[in-house]
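# Commentary on secondary and tertiary structure
So the chains spell out like this:
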Amino acid sequence: MGVTPWSLLDSTKVPGTGEPLRLLQRGEDFSLRLGNIELMNSRAYNSEVQLATLSLAKIAGRKKPRLLIAGLGMGFTLRAALDGLPKDARIDV
């Protein structure tokens, strides 16, 4: 019994470098890779959750807090922020 290979879902070339940025899937797992370097994986995302957690601690207690989330990702930071912010908060992505 072999390992299921990754399937390419989509790719693009990074401007200025020509390196391929690829979104891959294997079963229910997803991977974002730049060339041969894995940037993110849907099974290992604790650093993204911690980024939101640390940011929310800095703005805790503010009325109508606002948060900016930028960058490449799978939405784990956004999900953690939405889970931790009050309903009157605003998140710009």
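As the structure is a computational prediction, the values presented were derived from the model and not from experiment. (Residues numbered from 1 in each chain as written. Predicted model: local features only at pLDDT ≥ 70, side-chain atom pairs only at ≥ 80, totals over all residues. Heavy atoms only, no water.)

### Focus on the nonpolar core
Note the following rule: Among buried residues, the Ala, Val, Leu, Ile, Met, Phe, Trp, Tyr and Cys ones that are joined through side-chain atoms within 4.5 Å form a nonpolar core. For the exposure calls, accessible area comes from a 1.4 Å probe over protein chains only, and a residue counts as buried if that area is under 20% of its type's maximum, exposed if over 50%, partly exposed in between. For the purposes of this entry, the term helix denotes a DSSP run of H or I that reaches at least four residues, the term strand denotes a run of E that reaches at least two, and both are numbered from the N terminus. By the convention used here, residues are in contact when the closest approach between their heavy atoms is within 4.5 Å.
Ala52, Leu56, Ile59, Leu67, Ile69, Ala80, Ala81 and Leu85 together form the largest nonpolar core, which totals eight residues. Where this core is concerned, the elements lending two or more residues are helix H1 (46–59) and helix H2 (76–84). Top contributing element to this core by residue count: H1, with three residues. With residues near it in sequence (within four places) discarded, Ala52 still touches Thr77, Ala80 and Ala81.

### A word on the pattern of salt bridges
The line we're drawing: Take a side-chain nitrogen of Lys or Arg and a carboxyl oxygen of Asp or Glu: if they are within 4 Å of each other, that pair is a salt bridge.
For the coordinates displayed, the defined rule picks out five salt bridges. Among the salt bridges present, the one from Asp29 reaches Arg43, with a minimum N-O distance of 3.4 Å. Taken together, the positions of Asp29 in strand E3 (residues 29–34) and Arg43 in the loop between strand E4 (37–41) and H1 put the pair 14 residues apart, joining distant regions of the chain. Given the relative accessible area of 17%, Asp29 is considered buried. Given the relative accessible area of 66%, Arg43 is considered exposed. A salt bridge links Arg33 to Glu38; the shortest N-O distance between them is 3.9 Å.

### Some points on the confidence of the model for the protein
Rules: The predictor reports its confidence for every residue as pLDDT, a score running from 0 up to 100.
Chain-level statistics for the protein give a pLDDT mean of 91 and a share of 98% at 70 or above. Per-element mean pLDDT across the protein ranges from 89 in E4 up to 96 in strand E1 (residues 7–13).

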